[in-house]
Amino acid sequence: MHTIPLQQTAKTVSNTSKPVTDIIEFYNEATTDYQFWSKSYNMHFGFFKWFTTNPFKRDTMLNEMNRQVLKRVGLLKERGLLADLGCGVGGTMRYALTNNKKLTSIGITLSKFQMEQGNRFLKHLNGVILCENYDHTSLANSSCDGAIAMESFCHGGHHRNSFAEAYRILKPCGRLVIGDAFLKTTPEALCPGGKYFYKNLCTHWNLSRLGSIAEVTEELKKVGFSKVKVEHISFNVAPSVLHVPFAIFGFALKNLFNKESLKKESLHNLKGSFYALLCGLQLKSFGYYLITCIK
Ligand SMILES: C[S@@+](CC[C@H](N)C(=O)[O-])C[C@H]1O[C@@H](n2cnc3c(N)ncnc32)[C@H](O)[C@@H]1O
């Protein structure tokens, strides 16, 4: 195993600021629930690919999403340093590091719980998770070969500051890949049902908002990224989204069986998942995309 200069690349761990306390609280409390969604703690939706993934086996699709993202960032087999901005407990990092021994990875999360748990899981791998804000990390300028943000930039509302920070830490020619749900329109233009689902999705999953795909593409270019490639993958993601009602039902049943009361954050998570499904069905207004761009 390589001895990696991770601590050299990252300066001291910064403190998180007040407006993000709800996100921190949410992930400190609800992270363990995700074990029910994915044994390897993949906290994202999956990518269904004919003859490669089994639509009935969620984890095959969740891991295929990891593979698709790593392929686009160009670090599936190559040597380099990967930043995972909003890494959860490092599900994608572990997939990346297990499959590519030449890779080093630094994950960023707001949640101390995720950092501690994730670093335990990463013990024998070439990666570390820091408890920082992805809008202003301690990573050095031009230090990373690639950066990914899987269903994480939505918490900050797909804000330009997050893109600018990714741009800062990337080496020239380094790639950023964002995998997330976006609006195809403006929030004002949503139908009443769409507005209701969207509002509840944001409330229960602690999302500032979802960026509109056109606006996000422009913002990435303004920040300096080139070759912004936008891929609409809602139909690849749909089979894993359809697992949501079964996962919710199974999770609720497990709690009932164990006579455990549901934590506020767990309930929010379940409701958020339900509204994600309802938003996902509004194909005209919402879409799941992979965005790849180059510094
Ligand atoms: C839905 S989870 C996705 C985790 C991971 N990317 C995955 O796919 O398994 C969202 C993650 O974004 C992180 N996050 C949200 N806002 C953040 C911020 N401002 N700075 C750092 N991490 C943030 C949360 O702590 C959480 O780990």
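Residues numbered from 1 in each chain as written. Predicted model: local features only at pLDDT ≥ 70, side-chain atom pairs only at ≥ 80, totals over all residues.

## Digging into the overall build of the chain
To keep it simple, the criterion reads: The helix and strand labels rest on DSSP assignments: H or I over at least four residues marks a helix, E over at least two residues marks a strand, and numbering proceeds from the N terminus. Throughout, the radius of gyration refers to the C-alpha atoms, and the reference size of a globule is 2.2 Å times the residue count to the power 0.38. Comment: burial labels come from other C-beta atoms within 10 Å of the residue's own C-beta, placed from the backbone, where a count of 20 or more is buried, 12 or fewer is exposed, and between is partly exposed. Note on contacts: each residue gets a C-beta atom placed from the backbone, and two residues are in contact if those atoms are within 7 Å.
Of the regular secondary structure elements, the chain holds 12 helices and 7 strands. Against the globule reference of 19 Å for 295 residues, the chain gives a C-alpha radius of gyration of 18 Å, in line with a compact fold. Dimensions along the principal axes, computed over C-alpha positions, put the chain at roughly 45 × 45 × 45 Å. Out of the 295 residues in the chain, the part that is buried amounts to 47%. A sequence separation of at least 24 residues applies to 74% of the contacts in the chain between residues at least 6 apart.

## Things to note about the sheet that holds strand β5 (residues 170–183)
To be explicit about the condition: We treat two strands as partners when DSSP finds at least two bridges between them. Simply put, an axis is a line fit to the C-alpha atoms, just over the touching stretch for a helix, and the angle between two N-to-C directions goes from 0 to 180 degrees.
Spatially, β3-β2-β1-β4-β5-β7-β6 is the arrangement adopted by the 7 strands of the open sheet, whose pairing is mixed. The open sheet has two edge strands, β3 (127–131) and β6 (226–232), and neither has a second partner. Within the sheet, the average angular offset between the axes of one strand and its neighbour, ignoring direction, is 15°. Where strand β1 (residues 80–85) and strand β4 (residues 144–150) come together, 3 bridges link them in parallel fashion. Paired with aspartate 84 across the strands is isoleucine 148, a residue of β4. Helix α7 (residues 160–169) contacts β1, β4 and β5 of the sheet and is inclined by roughly 155° relative to β5.

## Notes on the nonpolar core
For the record, the criterion: Buried Ala, Val, Leu, Ile, Met, Phe, Trp, Tyr and Cys residues form a nonpolar core when they are connected through C-beta atoms within 7 Å.
Formed by 73 residues in total, the largest nonpolar core has its most connected members in Leu82, Ala83, Ala147, Ile148 and Leu201. When neighbours within four sequence positions are excluded, alanine 147 is seen to be in contact with Ala83, Leu85, Ala166, Ile169, Leu170 and Leu176. The next biggest cluster of nonpolar side chains, apart from the first, holds 5 residues, and it includes Tyr34, Tyr41, Met43 and Val89.

## Description of the site of the ligand
Put simply, the rule is: For each residue, a C-beta atom is placed from the backbone, and the residue is labelled near a molecule or strand when this atom is within 6 Å of it. Lys, Arg, Asp and Glu make up the charged group, whereas Ala, Val, Leu, Ile, Met, Phe, Trp, Tyr, Cys and Pro make up the nonpolar group; the residues left over, Gly among them, are polar.
Around the ligand, 24 residues are found, and the nearest of them are Met43, His44, Gly86, Gly88 and Ser152. Looking at the shell around the ligand, the elements that each hand over two or more residues are α2 (21–30), α5 (91–99) and β2 (103–109). Here the shell around the ligand is built from residues that sort into 9 nonpolar, 13 polar and 2 charged.

## Topic: the pairing of β5
Here is the rule: With strands facing away from the observer, any crossover in which the path from the first strand over the helix to the second runs clockwise is taken as right-handed.
Counted residue by residue, β5 has 11 buried out of 14 residues, so it is predominantly covered. Strand direction decides the pairing type here: β4 and β5, joined by 6 bridges, are parallel. Counterpart to cysteine 144 in the pairing with β5 is leucine 170. Regarding topology, α7 serves as the crossover connection from β4 to the parallel β5, and that connection is right-handed. Here 9 bridges tie β5 to strand β7 (residues 286–294), and the two strands are oriented antiparallel to one another. Among the inter-strand pairings, glycine 179 is bridged to a residue of β7, identified as leucine 290.

## Things to note about the packing of helix α11 (residues 244–257) against helix α12 (residues 264–281)
Selection criterion: In this scheme, roughly parallel covers angles under 35 degrees and roughly antiparallel covers those over 145, while 65 to 115 is roughly perpendicular and the rest are oblique. Crossing chirality is assigned from the near helix's rotation relative to the far helix, an anticlockwise turn below a right angle marking it left-handed and a clockwise turn marking it right-handed.
Orientation of α11 relative to α12, taken along the N-to-C sense of each, is 160°, at an axis distance of 9 Å. With respect to each other, α11 and α12 are oriented roughly antiparallel. Considering only the axes of α11 and α12, their crossing is left-handed. Across the interface between the two elements, Val244, Pro245, Ile248 and Phe251 of α11 pack against Leu270, Ser273, Phe274, Ala276 and Leu277 of α12.

## Thoughts on the confidence of the model for the chain
Threshold: pLDDT is defined as a per-residue confidence score from the predictor, taking values between 0 and 100.
Averaged over all residues, the pLDDT of the chain equals 90, while 94% of them reach at least 70. Below a pLDDT of 50 lies the segment residues 1–18, which in the model reaches 30 contacts outside its immediate sequence neighbourhood of four places, other chains included.

## Considerations on helix α8 (residues 192–204)
Helical geometry: 3.6 residues make up each α-helical turn, so side chains three or four residues apart lie on a common side. Basically, it comes down to this: Each helix should span, by expectation, one fewer than its residue count multiplied by 1.5 Å.
Along its 13 residues, α8 runs 18 Å from first to last C-alpha, staying within 8% of the 18 Å computed at 1.5 Å per residue. Along its buried surface, α8 packs onto α12. Looking one or two residues beyond α8, the residue adopting positive phi is asparagine 206, at roughly 55°.

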